[in-house]
Amino acid sequence: MNSNPKFVCDGTVVKLGKRLRILGYDVEITYKTDLPNVSEMIVATGRTLITKSITLHKQLGGIHVKSDRVMEQVEEIISKLGVPGSTRCSRCNSELVECDKDSVKDKVPIYVFQTNDKFKCCTKCGKVYWKGTHIK
Ligand SMILES: [Zn+2]
């Protein structure tokens, strides 16, 4: 997955998709829930599927959310992906500030240091964020 992930929320997680958009995720929403239609959209867009359907998840991969409740689904996604362009720490919810690249050298994996120029640090717990934090 690259550092600017794009998603499709299918008909099982339409509300989740709308929430994720508000949070800044790049999300397309389809109201379809059948394999042919959703599959076609995934192939055509190259996006990652987010679904509550185990069947679609098994066929198409992506992210399977387990909860029936939207806010819990949002938590599931955030715990997996982090918040895009977030200004709040996902660990302690404190404000993030941009920090000097040199100051994070010992705090992030070397490849992250080499491939990113902008970092943010939590003002409270010191956790370091960069574009694509938590995305593997
Ligand atoms: Zn923090």
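Here the structure is shown first, and the text comes after it.
Residues numbered from 1 in each chain as written. Predicted model: local features only at pLDDT ≥ 70, side-chain atom pairs only at ≥ 80, totals over all residues. Heavy atoms only, no water.

(A) Summary view of the environment of lysine 80. Positionally, lysine 80 belongs in helix H4 (residues 70-81). Residue class for lysine 80 comes out partly exposed when judged on its relative accessible area of 39%. Along the chain, lysine 80 and cysteine 125 lie 45 residues apart, while their C-alpha atoms are 20 Å from each other. (Helix = DSSP H or I, 4+ residues; strand = E, 2+ residues; numbered from the N terminus. Buried < 20%, exposed > 50% of the residue type's maximum accessible area, 1.4 Å probe, protein only.)

(B) Here's a closer look at the sheet that holds strand E2 (residues 26-29). Pairing within the open sheet is parallel, and its four strands lie in the order E2-E1-E3-E4. For this open sheet the edge positions go to E2 and strand E4 (63-64), each flanked by a neighbour on one side alone. (Pairing = 2+ DSSP bridges.)

(C) Just the nonpolar core, in detail. By size, the foremost hydrophobic cluster in this structure holds 17 residues, and its most contacted members are Leu16, Leu20, Tyr25, Ile50 and Ile77. Elements that contribute at least two residues to this core include exactly strand E1 (6-9), helix H1 (14-23), E2 and H4. Ranked by residues supplied to this core, first place goes to H4 with five residues. Leucine 16 has contacts with Ile50, Val65, Val70, Gln73, Val74 and Ile77, leaving out every residue within four places of it along the chain. Of all hydrophobic cores here, the second largest spans eight residues; its members include Val104, Val108, Val112 and Phe119. (Core = buried A, V, L, I, M, F, W, Y, C linked by side-chain atoms within 4.5 Å. Contact = heavy atoms within 4.5 Å.)

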